[in-house]
Structure formats: C-alpha cells, structure tokens
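An overview of the molecular structure
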Amino acid sequence: MNIHWCGTGLSAIPGLRRLIRNGHDVTVWNRTPEKARAEVGDLTDDIRAFTPEAVAEAVQKGDVVVSMLPADWHVALAEICLAREAHFVSSSYIAPEMRALGDAARAKGLSFVNEVGLDPGIDHLMAHHLVAAYRASEAFDPANEISFTSYCGGFPKVPNDFRYKFSWSPLGVLKALRSPSRSLKDFEELNVDRPWNAITRFTTPLAGAEEFEAYPNRDSLPFIADYRFDPDWKVKTFVRGTLRLDGWSEAWAPVFREVETLNGPEGDARLKEMSDQFWADHAYDEGEADRVVLFVSLKAEKDGATVWHRTYAMDAWGDAESSAMGRLVSVPVSLAIEAVLAGRLPAGVTPAPHDPAVVEDWLAEVGKLAQKLEVVDHLA
C-alpha cells in the first residue's frame, strides 16, 4: 500500500519526512516538484507534479491519499479515493461536503480521517483524555456543572511590536477576523460577530503564569457531543478559541477598524492588498523560531465548589530542524496515516480518534514534539 502525500508547504514537512524515514512507500505530489525536492529530495526520488488527474491514475485500492493542500482540494481528493477505494487523511475541519461522503466511505470500508493536525487535532486528543479521566474519577457526578475551554495560539517565540508573524499567506487570518463564533457562557449561548468583541484574559497554569489574550472562534457547540459529554450534563461554559500574545488587540486595532468596513468585491480586493503587505512586513525571517501554545481545560463544580479541575498544557517552539507549527500539524497527520494502514481507525468520515489506546499513544508522541507537555491538576 502506497501513501500519496499531496502538498509540501511549511506545515507538511516534518510528518512527511518521518513517514519516509520510517520506511513507508510514499509518493510526494506538489504543484511545483522543485519545491518538494528541496524539502525531501534527500530522502526520496518519488516526487511528481500534482494534478488531480495524475493522482487519480496513480492511486490503487488500499492506498492512502493525504491532502496537505488548501482546503478546497480535500473533497475532490476524497472523491478520487471513493472511486479508487483508497483511504483519505487531512488535518482540516470536516466540511459539510466531506461529511456527506461518510456513508459511501463506510460502505466500502474506507477511513476518511480529518482534524488530525494541531488545532483541530491535538486539542481533540487532550479533550478526550480529560473527559475520560473525569468520568473515571471519584468526583464524577452527572449533576456537576461543567466548564470546558480549549485555546490554541501560534506566534513568534520572541514577540515583535505587531505581536504576530505569518508562516504563510495572511489572507486566511484576515478572513477569520470577519467570521462569527458560537460558544457557551454561564449556561447561555454566546454569539459573537467579530473576535475583537469577545477578547478576554487567559493566564496559563504553567510556571510563570504568563498572560495571553483569548477569544472564541468558529462554532464550539458541535464539539460538546464529539467530546462525548452526556446530553444531561449541566454545561456552564464551553468554548474553543484562539490565543494571542498580550498586547495583540492594541497592536491590531487599526486592522480591526478597517476590516469592519470591508464588504463586497472591493472589500475582498482590499483584504488581498492587506494580506500582501502583511506578508512583506510580518513574515517569519529565515530560521526564526515560532512558538505554539495549547491549553485544554475541564472543570467540574458541585454546590459552588470545584471538585475536579485539570488542564492539558503544551508549550512548543521551533528549533534548528523544524518549526513548532510544522511539527505539531504534520507529525500527528503521519500518525493518523500509520493508524489507518494498521486498521486502528474506523471506516467513514471521522475526526481525531476517540479510542483511548490510540489517544494515549498519540499524546505520547506529541510529548516528543513539544518542549513542555503536562497535565496540571489544579486541586493537587
């Protein structure tokens, strides 16, 4: 069985190199083969120019196709997998069009695995670990009030005045500023039209108690079920969101003001201009270290007192071999590929695995990727 790895951008390389070094048969596809050769040409000669037609012709039954391309390619490649009876893996959120392929994939015994990068991905694993630990604890009681938070952020290890730097086109970050979010706060649904309207302070539980700015993103509520909360649990707070360096909202205030005024084709054109300028002004320098932090917390309260509270905390930064973002996105993807090949993941369209054995195996590997990874017991 062959692995067809499509895309060799900055977030793809460590996991790809890991698979090749582990002896897997990997065909590397990239729209610019020369760029792929610069990244993995020392390990393999099987590097080809990406087109969907070429991939469709090469894929055989039982192979695994990996999309590290922009999200609008995922469904097209998954449909090729259906036709060729191959498995599919991506790190991205499950789009409705991807979810719609679930029954067909399941009927053919194919695993279409998504949300196995950093966020989404590692955050899911941490959530599954915490929920399982809480259920197994003496404090567990369906009548407890539950608060859940999951915050992830990536930024330069040495802060700059802009409080942020870009590893790839800033356009996605700018578009996200126009996206609404949905979460739970004090048992009520919280709908926020713009991230800057919901910025709060977040203090890490790690040594030093560093402070960040936090805000909710996307729609958190479907993950209540995905994290296996029982329907009758009293969920007080549930939010998945983003962390930024302290001072980010002040540094970005002019950006917020302009983004708020943009609409229609002219607004999209201006957003592209802003993206190009930010890429010129605030891209990572060659060899500059990035930093990734992730904090997933579960708290249970009874009669106003906290009876269980733990946070899975991670702090990682780039080194001479790779960026933190590259490691933490692509190595979990490579773990998912190996799990598919080993038959450890179910058929159909799925996110990061729930199986406790797989979760703990993957988290142990994540511990090798981050400089700090620990479960903090706030009541210990």
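1. Thoughts on the overall build of the chain
Helix and strand content of the chain: 14 helices and 16 strands. The C-alpha atoms of the chain give a radius of gyration of 21 Å, which matches the 21 Å a tight globule of 380 residues would have. C-alpha extents for the chain along the principal axes are approximately 60 × 50 × 40 Å. The buried share among the 380 residues of the chain stands at 54%. Within the chain, residue pairs in contact and separated by at least 24 positions form 70% of the contacts whose partners lie at least 6 positions apart.

2. Remarks on the nonpolar core
Trp-5, Leu-118, Phe-229 and Leu-328 are the most contacted members of the largest nonpolar core, which totals 68 residues. Tallying contributions element by element places helix α13 (residues 324-341) first for this core, with 11 residues. In this structure, Leu-69, Ala-78, Ala-86 and Met-98 belong to the second largest nonpolar core, which totals 23 residues.

3. Concerning the pattern of salt bridges
A complete count under the given rule lists 29 salt bridges for this structure. A salt bridge links Arg-48 to Asp-46; the shortest N-O distance between them is 2.9 Å. Salt-bridge contacts for Asp-246 lead to Arg-201; the nearest nitrogen and oxygen are separated by 2.6 Å. Taken together, the residues Asp-246 in the loop between β12 (234-245) and α10 (248-251) and Arg-201 in strand β10 (residues 200-203) connect sequence positions 45 residues apart. Among the ionic contacts, a cluster of salt bridges with common partners joins Asp-119, Asp-123 and Arg-240.

4. Here's the deal with helix α4 (residues 74-84)
Because each turn of an α-helix spans 3.6 residues, side chains separated by three or four positions end up pointing in the same direction. Buried within α4 we find His-74, Val-75, Leu-77, Ala-78, Ile-80, Cys-81 and Leu-82. One or two residues past the end of α4 sits Glu-85, with phi positive at roughly 60 degrees.

5. Quick word on the environment of Leu-10
Within the secondary structure, Leu-10 is located in the loop between β1 (3-6) and α1 (13-21). Classification of Leu-10 as exposed rests on a relative accessible area of 55%. Separated by 158 residues in the primary sequence, Leu-10 and Trp-168 have C-alpha atoms spaced 7.8 Å apart. Look past the residues within four positions of Leu-10 in its chain and what remains in contact with it is Ser-167 and Gly-326.

6. Focus on the sheet that holds strand β6 (residues 111-113)
Taken in spatial order, the seven strands of this open sheet run β3-β2-β1-β4-β5-β6-β15, and their pairing is parallel. Since the sheet does not close on itself, it has two edges, and those belong to β3 (47-49) and β15 (348-350), each with one partner. Along the sheet, successive strands turn relative to each other by an average axial angle of 20 degrees, direction set aside. Pairing geometry for strand β5 (residues 87-90) and β6, over two bridges, is parallel. Across the sheet, the residue bridging to Val-89 is Val-113, located in β6.

7. Focus: the pairing of strand β13 (residues 290-302)
Most of β13 sits out of view: 11 of its 13 residues are buried. Here 12 bridges tie β13 to strand β14 (residues 305-317), and the two strands are oriented antiparallel to one another. Along β14, the bridge assignment pairs Ala-300 with Trp-308. Counting the residues that bridge the hairpin from β13 to β14 gives two residues, and of these Asp-303 lies at a positive phi of roughly 55 degrees.

8. Side note on unusual backbone geometry
Backbone torsion omega between Asp-119 and Pro-120 reads 15 degrees, so that peptide bond is classified as cis. Among the secondary structure elements, Pro-120 is positioned in the loop between β6 and α7 (122-135). Look at Arg-218: it is not a glycine, yet its phi comes out positive at around 55 degrees. Along the polypeptide, Arg-218 turns up in the loop between β11 (211-216) and α9 (222-226). Under the relative-accessibility criterion, Arg-218 is labelled partly exposed at 49%.

Analysis parameters
- Residues numbered from 1 in each chain as written.
- Predicted model: local features only at pLDDT ≥ 70, side-chain atom pairs only at ≥ 80, totals over all residues.
- Heavy atoms only, no water.
- Helix = DSSP H or I, 4+ residues; strand = E, 2+ residues; numbered from the N terminus.
- Rg over C-alpha atoms; globule rule 2.2 N^0.38 Å.
- Buried < 20%, exposed > 50% of the residue type's maximum accessible area, 1.4 Å probe, protein only.
- Contact = heavy atoms within 4.5 Å.
- Core = buried A, V, L, I, M, F, W, Y, C linked by side-chain atoms within 4.5 Å.
- Salt bridge = Lys/Arg side-chain N within 4 Å of Asp/Glu carboxyl O.
- Pairing = 2+ DSSP bridges.
- Axes fitted to C-alpha atoms, helices over the stretch in contact; angles between N-to-C directions.

The values reported here are purely geometric and, on their own, carry no functional implication.
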